[in-house]
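Okay, here's what each chain looks like letter by letter:
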Amino acid sequence: MLEDENRLWYRDAIFYEIPVRSYYDSNRDGIGDFLGLTQKLDYIKSIGIDCIWLLPFYKSPLKDDGYDISDFYSILPEYGTIEDFDLFLEEAHRRKIRVIADLVLNHVSDQHPWFIEARKSRNNPKRDWFVWSDTMDRYKDARIIFIDTERSNWTWDQNTGQYYWHRFYSHQPDLNYDNPEVREEIKKVIRFWLSRGLDGFRCDAVPYLFEREGTNCENLPETHAFFKEIRRMVDDEFPGTVLLAEANQWPTEAKKYFGNEDEFHMAFNFPLMPRIFIALAKEDSYPIQNIIKQTVPVPPTCDWGVFLRNHDELTLEMVTDEERDIMFSEYAKLPKMRLNLGIRRRLSPLVDADRYILELLHGLIMALPGSPIFYYGDEINMGDNIFLGDRNGVRTPMQWSFDRNAGFSAADPEMLYAPVITNANYHYEFLNVEAQSRLPSSFLNWFRKAVSVRKKNSLVLGRGDIEFLETGNRKVLAFLRSYDSEKMLCIFNLSRDPTNAQLDLRKYAGWTPEESFSRVPFPKIGELPYFFTMPRHSFFWMNLSPPGDGN
Ligand code: BGC
C-alpha cells in the first residue's frame, strides 16, 4: 500500500479503469498482460492518474470477461505471473500511483472447484456454499439483470435435481453468504490481495449478496452488515485500504453504502451518469441539478466516484421509462447498440465524436462532486465495435500508435483477442496515443491540461460544497464549489446553440473571476447581473479571488 499523509487521498484523486487484457501485450500472444501494463505506467502517470482500477485479472474461463472467477488466488496465465503482478504494483507505487482491483464477491464461475464440488451431490461439504432450491418459486421478487440472455435467476442442475441461484449469467452461481464459511473465505481472499500491497477494491455487484423471501433481494440489512464487518477488518488489519462500491441503485439506496462512515469509502454515482446524457439530449440543466441535490451531501470521509462510461453497457436500469426512451432514441439508434437495459457504446461514438461535447462532458465530470473515474481509451476518444458480442465492443485493444495492431501487440493481427478499431471515423492510424501526443491541439493534450487544472484545484473540486446558481436559462447549468476560502464558479452551456446567461453574483461583489485554464482575469463582479455569452456546448471553470487578493 502506498503510504500517504493525506488520509482522504481518494477524495482528491483521478481514477483510471484498465482491463489488463486490453492495454498492452508484452509477449506477442495477442493478449495484454501485466508486464505490458507496467511498461505503460509512465504514460498513465503523464495523463495525471492517481489511482488505477484493475478489472478482474484472476483465473477464469472468461465467459464474462473475468467476472467469472475460477480461482481467487491466482492470476490468469495469459496476463502473467504473480511476480509480474508484484512488479507492476511496485512500479506503480514507485510512481505514486495507487492500484485498486475488482473484488467479485457475489458469485463465482461454474468452473470454480467450489461449485464443481457442490454440484457433485446434495451432501457434498461445499453444497451449502451456494443457494439451492427444489422449485423456481423462491425469491420471485428479485429482478433479472441480464434480461437479454437469462430467463430466470434459477438454473436447473441435472446431476443433483435442484435449481441453483444466480443474479447474473447462469454460469455464475451466487455464493451463499448465509454460510459463515463463505464469509470467512472471502475475507481470506481480501487479506491475500491486500497483503500483496493493493490499495483497495472496487467491490463488484454489492447489492446482491444475501437473499430473503418477500424482498427484491437487493440492499438487504444483512448485506450492509457484512460490508461493515469487512470495513472493520480492513481498517484494523490494513489501515488506509479504500473500498469502492458498485451499487447500481436509486439515490437513497446507493447512499446507504456509505453507512455511518463505517461501510464503503466510495460508491459509483450511478444515478448521475445517465442524467448527464439526458440533460445533454434535452438541453436542460434540470436533470443534473435534481440528481445532484439527491446525492449530496455525503459523509465527510466518503465520496462518489463519478464517471461517464465504463466497461459495461451504459446502464439504464435506474431511470424512468420516459428517461430510458429519451436515451435510446438519442444515443442508440440501431438495435445492435442496445444490450439488456443499456447502451453498449463508448463515450465518443455516443456523442458522434463531437469535440465540443466531449470537452463539455469532461468539464462537467471533473467539476461535479466526486472523484472522476475515466475509462481507458476515452482520453483519446477511442471508438467501439458494436458487432462484437456482449460488451466486447467497448473493450478493444488500446490504440497506442499507427503501427501494426495499433501498437498494442506485435502478434499477427488474427491472434489478437479482439480486432482493433478500423472504422474510418475512429481508425487507429490517426486515433492513437502517439499521434495525439504530438499534436498540441489533440483531445489527449486537452485532457492532460484539464486533468492538471483539476488537480491544481483538487481541494475545492474534490471536497468542496456545491451551490447551484440561478441562470435565467435552463440550458445553462451553473454552480459554485466552495472549500474554505477557495471558490470556483463552473458554468456549462448544454445547448447545441450559442446562448447567454445572467448570474446573480452580488454576494461576491468585488471578487474577480479568473478563467482556470488560461488564468485570464474576467471583469470584477459588481451589483449588476454577471453576464456570460457562451458558444454551443461550452463551459467555463473560474477561480474566484476576493477583493484585495492582488486585484
Ligand atoms: C460488472 C460486469 C459483470 C457483472 C457480473 C458487474 O456489475 O461490472 O461487467 O458482468 O458484474 O459479475
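For the structure itself, consult the block above.
Right, let's walk through the structure included here.

How each quantity is defined
- All residue numbers refer to position in the chain's written sequence, counted from 1.
- Per-residue local features are limited, in this predicted model, to residues with pLDDT of at least 70; the limit for side-chain atom pairs, both in listing and counting, is 80 or more; totals at the level of whole chains, interfaces and linings are taken over all residues.
- Derived side-chain values reflect all non-hydrogen atoms in the structure, with water molecules and hydrogen atoms excluded from consideration.
- Helix and strand labels come from DSSP, where a helix needs a run of H or I of at least four residues and a strand needs a run of E of at least two; each type is numbered from the N terminus.
- We compute the radius of gyration over the C-alpha atoms and compare it with the globule rule, which gives 2.2 Å times the number of residues raised to the power 0.38.
- Partly exposed describes any residue whose relative accessible area lies between the buried limit of under 20% and the exposed limit of over 50%, with all areas from a 1.4 Å probe on protein chains only and scaled to the type maximum.
- Contacts were defined at the residue level, with two residues in contact if any of their heavy atoms lie within 4.5 Å.
- In this description, accessible areas are obtained by the Shrake-Rupley approach with a 1.4 Å probe, and a residue is regarded as covered only by the protein chains that are shown.
- Asp and Glu are treated as the negative residues and Lys and Arg as the positive ones, with His and the ends of the chain left uncounted.
- In this description, the location of a charge corresponds to atom NZ of lysine, CZ of arginine, CG of aspartate or CD of glutamate.
- One side-chain nitrogen of Lys or Arg within 4 Å of one carboxyl oxygen of Asp or Glu is enough to make a salt bridge.
- A pair of strands is considered paired only if DSSP assigns at least 2 bridges between the two.
- Here the axes come from fitting lines to C-alpha atoms, over the contacting stretch only for helices, and the angles between their N-to-C directions go from 0 to 180 degrees.
- Whenever a nitrogen or oxygen atom comes within 3.5 Å of another N or O atom, the pair is scored as a polar contact, on the condition that within protein one atom can donate a hydrogen and the other can accept it, and that pairs from neighbouring residues in sequence are kept only if both atoms are in side chains.
- One heavy atom within 4 Å of a molecule or strand is enough for the residue carrying it to be called near that molecule or strand.
- Charged means Asp, Glu, Lys or Arg here, nonpolar means Ala, Val, Leu, Ile, Met, Phe, Trp, Tyr, Cys or Pro, and polar covers whatever is left, Gly included.
- Residue count minus one, scaled by 1.5 Å, sets the expected span of a helix.
- To form a nonpolar core, buried Ala, Val, Leu, Ile, Met, Phe, Trp, Tyr and Cys residues must be joined to one another through side-chain atoms within 4.5 Å.
- Working rule for handedness: look at the near helix, and if it is turned counterclockwise from the far one by less than a right angle, call the crossing left-handed; if clockwise, right-handed.
- Working definition: rings of Phe, Tyr and Trp (its six-membered ring) pair if their centres are within 6.5 Å, and the pair is stacked with planes under 30 degrees apart, edge-to-face with planes over 60 apart, and tilted otherwise.

**Focus: the overall build of the chain**
Looking only at helices and strands, one finds 17 helices and 23 strands in the chain. Over its C-alpha atoms the chain spans a radius of gyration of 24 Å, differing by no more than 12% from the 24 Å that the globule rule assigns to 551 residues. Seen through its C-alpha atoms, the chain measures out along the principal axes to roughly 80 × 55 × 50 Å. In the chain, which comprises 551 residues, the share counted as buried stands at 64%. Within the chain, residue pairs in contact and separated by at least 24 positions form 68% of the contacts whose partners lie at least 6 positions apart. When the accessible area of the chain is evaluated, it comes to approximately 20900 Å², of which 50% is carbon and sulfur surface. Side chains of the chain carry 66 positive and 84 negative charges; the gap between the two charge centres is 2 Å.

**Topic: the pattern of salt bridges**
What the rule picks out here adds up to 43 salt bridges. Note that R167 is salt-bridged to E218, the shortest N-O span being 3.1 Å. Of this pair, R167 sits in the loop between strand 8 (162-165) and helix 7 (180-195) while E218 sits in the loop between strand 9 (200-204) and helix 8 (221-237), placing them 51 residues apart in sequence. For the pair R167 and E218, one class covers both residues: buried. Three or more residues are tied together by salt bridges with common partners; here these are R21, D64, D65, D312, D390, R391 and R395.

**Quick word on the sheet that holds strand 16 (residues 371-375)**
In spatial order, the strands read 1-2-5-9-10-11-12-16; together these eight strands close into a barrel with parallel pairing. Ignoring which end each strand starts from, the neighbouring axes of this sheet average 25 degrees apart. Relative to strand 9, helix 7 is tilted by about 145 degrees, and along the sheet it contacts strand 5 (98-104) and strand 9.

**A look at the side chain of Q249**
Looking at the secondary structure, you find Q249 in the loop between strand 10 (242-245) and helix 9 (251-255). The exposure class assigned to Q249 is buried, which follows from its relative accessible area of 4%. At a separation of 3.0 Å, a polar atom in the side chain of Q249 contacts the side chain of E218. Looking at Q249, its side chain comes within polar contact range of the side chain of N219, at 3.0 Å. Non-local contacts of Q249, meaning those with residues more than four positions away in its chain, are made with R143, P207, Y208, E218, N219, A254, P271 and M318.

**Points about the site of the ligand**
Taken together, 13 residues lie around the ligand, and D64, H107, E246, H311 and D312 are the ones closest in. Here E246 contributes a side-chain N or O atom positioned 2.6 Å from an oxygen atom of the ligand. A distance of 2.9 Å separates an oxygen atom of the ligand from a polar side-chain atom of R391. Alone, the ligand offers 310 Å² of accessible surface; in the complex the protein occludes 96% of this. Of the residues contributing to the shell around the ligand, the split by class is three nonpolar, three polar and seven charged.

**A closer look at helix 5 (residues 82-94)**
The end-to-end C-alpha distance of helix 5, which contains 13 residues, comes to 18 Å, matching closely the 18 Å that a straight helix rising 1.5 Å per residue would cover. Tucked into the core, helix 5 has its buried residues touching helix 3 (34-39), helix 4 (41-46), strand 2 (51-54), strand 4 (71-75), strand 5 and helix 7. K96 sits one or two residues past helix 5 and shows a positive phi near 60 degrees.

**Re the nonpolar core**
Grouped together as the largest cluster of nonpolar side chains are 166 residues, with contacts concentrated most on Y16, I44, F57 and F492. Residue contributions to this core peak at eight residues, all from helix 10 (residues 272-282). The next biggest cluster of nonpolar side chains, apart from the first, holds 18 residues, and it includes I491, I525, F532 and F540.

**Considerations on the packing of helix 7 against helix 8**
Between helix 7 and helix 8, the shortest axis-to-axis distance is 11 Å and the interhelical angle comes to 35 degrees. Considering only the axes of helix 7 and helix 8, their crossing is right-handed. Counted together, R183, K187, I190, R191 and L194 of helix 7 and F226, E229, I230, M233, V234 and E237 of helix 8 form the full contact between these two elements. Residue composition of the contact of helix 7 with helix 8, by class: six nonpolar, no polar and five charged.

**Focus: the packing of aromatic side chains**
Taken as a whole, this structure holds 57 aromatic pairs when the rule is applied. Seen in terms of ring centroids, Y16 and Y23 are 6.1 Å apart; in terms of plane orientation they differ by 80 degrees. Their pairing is edge-to-face. Y23 matches Y16 in its accessibility class, with the two residues each being buried. Residues F192 and W193 carry aromatic rings whose centres are separated by 4.9 Å and whose planes lie at 85 degrees to one another, so their mutual orientation is edge-to-face. Residue classification places W193 among the buried positions, given a relative accessible area of 0%.

**A look at the environment of I44**
In this structure, I44 sits in helix 4. Among residues more than four places away in sequence, those in contact with I44 are Y16, I18, Y23, L37, I49, I52 and I97.

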